[in-house]
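Read off the chains here:
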Amino acid sequence: MTFKHQKWVIPGGIVAVVVSTLIYFFSGSTQLSSGKDNSSIEPKVSGQTLQLTDAQMALVKVAPATLHPFLAQREAMGVIAFDDDQTVQVYPPYPGKILRRFKEVGDFVRKGETLYTLDSPDLIQAESTLIAAAGVRELTTRVLERAKQLIALKGLAEKDYQQAVADQQTAEGNYNAARNALHLFGKSAQEIDRIEATRKVDSILAIPSHLDGRVTVVAMSAAAGTYVQPGTAPAPYAVSDLSTVWMLANVAETDIPLLEVGESVIVRVMAFSQRTFQAKIDKIGTVVDSNTHRLQVRCVVRDPRHELHPGMMATFTIRTGADMQSVGLPEGGVVREGDGSYSAWVAEGQHRFRRRSVTIGIRQENLMQILEGVQPGEQVATDGAIFLSNAFAVSASTGE
């Protein structure tokens, strides 16, 4: 993911047209319809200036250089991703075999709503323990009541009475522990009471969603009959709260000083090209990639309408200062030379142009920011700069 770079490449077809045009205007065997000889239409090169004919001027547009507001900002390409802080991998709490699944990818679920059910041997064991503990508790409770009656009539030894008390307390503790164990399986108090009253086990364990959100993954392990275990990847289900998503951008290391956690950024995606989404920088990475010399930046994007989908390409834009008033030229008025420098052509009188080296800034709405080289009000070739540069090169190479 990179910031936009201003780069102009002349396709081969355009080069061929330009060269053909130059040959037409500058060859020694071509005559103008006016009847003038060829020497009168050959370009005149002097230093960094180029003199054109009336016919050649038809390929160039000239206008005064004007000031334009340029936003102080940086851009990078990014990708929309799940907010991992709002995403849950729904593993079963105990091993078992999948019986049925209730939700599919894209379905909305509420916290506590069942995603799938499990046939769990551990649940059967826990319910059996409760049934047994309830029976022992009932027995020890009756024994203690009888012991209380006998001790009152002096018909029971003190040590036997204390033993009955201890047995009942132990049974009570085991009973409460068994009920709490079933709570850990997700059983409600009413369900536990039913199991205790009917003395029947129920091996079906319902696995609920842990948050409100959408089902984002239904793995192959969620198929009916599949044996699953806690923590064994992949999780049968994943649920995400998509009201917030992440945008992950790799920012050039030269722009790292411009970034701060909590700073507002603007996010755009191709699916909604005319809209913007507000976001904030949530985390700035600590390690710069040694190959790309970029640093990962994470932004949190609010998306209450669930319009952004993980995997979407996005543009990350951040303001870095106050707006600037600078000369702006259309792309057709700026040429990237072979050595990587940039130039523009300033008009000096009748059909005469001077090549100027310019320093460019940012590209904005098809305008190039000119930081140095052209002053406001100067007449500049706003279209046809490539033609001028090629004409200059051809004439200079022939020594004319």
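Further up the page is the structure itself.
Remember, it's a predicted structure, so these values are computed and weren't measured experimentally.

### Notes on the environment of Thr87
Here's step 1: With respect to the helices and strands, Thr87 occurs in strand β6 (residues 87-90).
Here's step 2: For Thr87, the contacting residues outside a window of four places in its chain are Phe82, Val239 and Ser240.
Here's step 3: Looking at Thr87, its side chain comes within polar contact range of the side chain of Ser240, at 2.9 Å.

### Quick look at unusual backbone geometry
Here's step 1: Cis geometry is found at the peptide bond from Ala233 to Pro234, where omega equals 0°.
Here's step 2: Within the secondary structure, Pro234 sits in the loop between β12 (227-228) and β13 (237-240).
Here's step 3: With phi around 60°, Lys154 is a residue other than glycine that occupies positive phi space.
Here's step 4: Along the polypeptide, Lys154 turns up in the loop between α3 (121-152) and α4 (158-184).

### Side note on the environment of Leu71
Here's step 1: Within the element layout of this structure, Leu71 appears in the loop between β4 (66-70) and β5 (73-82).
Here's step 2: The exposure class assigned to Leu71 is partly exposed, which follows from its relative accessible area of 29%.
Here's step 3: Apart from residues no more than four positions distant in its own chain, Leu71 is found in contact with Arg319, Asp323, Ile362 and Gln364.

### A word on the packing of aromatic side chains
Here's step 1: With the rule as written, the count across this model stands at four aromatic pairs.
Here's step 2: Where Phe272 meets Phe277, the ring centres are 6.2 Å apart and the plane angle is 65°; that geometry is what we call edge-to-face.
Here's step 3: Arg137 extends its terminal NZ or CZ atom over the ring of Tyr175, reaching a point 4.3 Å from the ring centre.

### Section: the sheet that holds β6
Here's step 1: Reading across from one edge, β6-β13-β11-β8 is the order of the four strands in this open sheet, with antiparallel pairing throughout. Edge positions in the sheet fall to β6 and β8 (108-109), since each has one partner strand and no second.
Here's step 2: Here four bridges tie strand β11 (residues 213-218) to β13, and the two strands are oriented antiparallel to one another. Its bridge partner lying in β13, Arg214 is registered against Ser240.

### Structural notes on the sheet that holds strand β16 (residues 277-284)
Here's step 1: As summarised here, the arrangement of the six strands in space is β5-β14-β17-β16-β15-β18, forming a closed barrel in which the pairing is antiparallel. Direction aside, the axes of adjacent strands within the sheet are offset by 40° on average.
Here's step 2: With four bridges connecting them, strand β15 (residues 264-269) and strand β18 (residues 313-319) associate as antiparallel partners. Directly across from Arg268, in β18, lies its bridge partner Thr315.

### Notes on a nonpolar patch on the surface
Here's step 1: A cluster of nonpolar side chains, namely Met77, Met270 and Met313, defines an oily patch on the protein surface of about 310 Å² accessible area.
Here's step 2: Along the chain, Met270 falls in the loop between β15 and β16.
Here's step 3: With relative accessibility at 66%, the residue Met270 sits in the exposed group.

### Some details on the side chain of Glu196
Here's step 1: Position of Glu196 relative to the elements: it lies in helix α5 (residues 189-198).
Here's step 2: Each residue touching Glu196, except ones within four places of it in the same chain, is listed here: Ala134, Tyr175 and Arg179.

### Thoughts on the packing of α3 against α5
Here's step 1: Direction vectors running N to C along α3 and α5 enclose 60°, while the axes themselves pass 9 Å from each other. Looking at the two axes, α3 sits oblique to α5. As for the relative orientation of α3 and α5, their crossing is right-handed in sense. Note on element contacts: α5 touches α3 through Ile192, Ile195 and Glu196, opposite Glu127, Leu130, Ile131 and Ala134.
Here's step 2: Tallied by class, residues from the contact of α3 with α5 come to five nonpolar, no polar and two charged.

### Comments concerning α3
Here's step 1: An ideal rise of 1.5 Å per residue puts 46 Å on 32 residues; α3 measures up with 47 Å between its terminal C-alpha atoms.
Here's step 2: Restricting attention to buried positions, one finds in α3 the residues Leu123, Ala126, Glu127, Leu130, Ile131, Ala133, Ala134, Thr140, Leu144 and Ala147.
Here's step 3: The inward-facing, buried residues of α3 abut α4, α5 and β10 (204-208).
Here's step 4: One or two residues past the end of α3 sits Lys154, with phi positive at roughly 60°.

What counts and how
Residues numbered from 1 in each chain as written. Predicted model: local features only at pLDDT ≥ 70, side-chain atom pairs only at ≥ 80, totals over all residues. Heavy atoms only, no water. Helix = DSSP H or I, 4+ residues; strand = E, 2+ residues; numbered from the N terminus. Contact = heavy atoms within 4.5 Å. Polar contact = N/O pair within 3.5 Å; in protein donor to acceptor, adjacent residues only side chain to side chain. Buried < 20%, exposed > 50% of the residue type's maximum accessible area, 1.4 Å probe, protein only. Phe/Tyr/Trp six-rings, centres within 6.5 Å; stacked < 30°, edge-to-face > 60°. Lys NZ or Arg CZ within 6 Å of the ring centre and 35° of its normal. Pairing = 2+ DSSP bridges. Axes fitted to C-alpha atoms, helices over the stretch in contact; angles between N-to-C directions. Patch = residues over 30% accessible without salt bridge, like charges linked within 9 Å, V, L, I, M, F, W, Y side chains within 5 Å. Areas by Shrake-Rupley, 256 points an atom, 1.4 Å probe, with all protein chains shown as cover. Salt bridge = Lys/Arg side-chain N within 4 Å of Asp/Glu carboxyl O. Parallel < 35°, antiparallel > 145°, perpendicular 65-115°, else oblique. Left-handed = near helix turned anticlockwise from the far one by under 90°. Nonpolar A, V, L, I, M, F, W, Y, C, P; charged D, E, K, R; others polar. Expected span 1.5 Å × (residues − 1).

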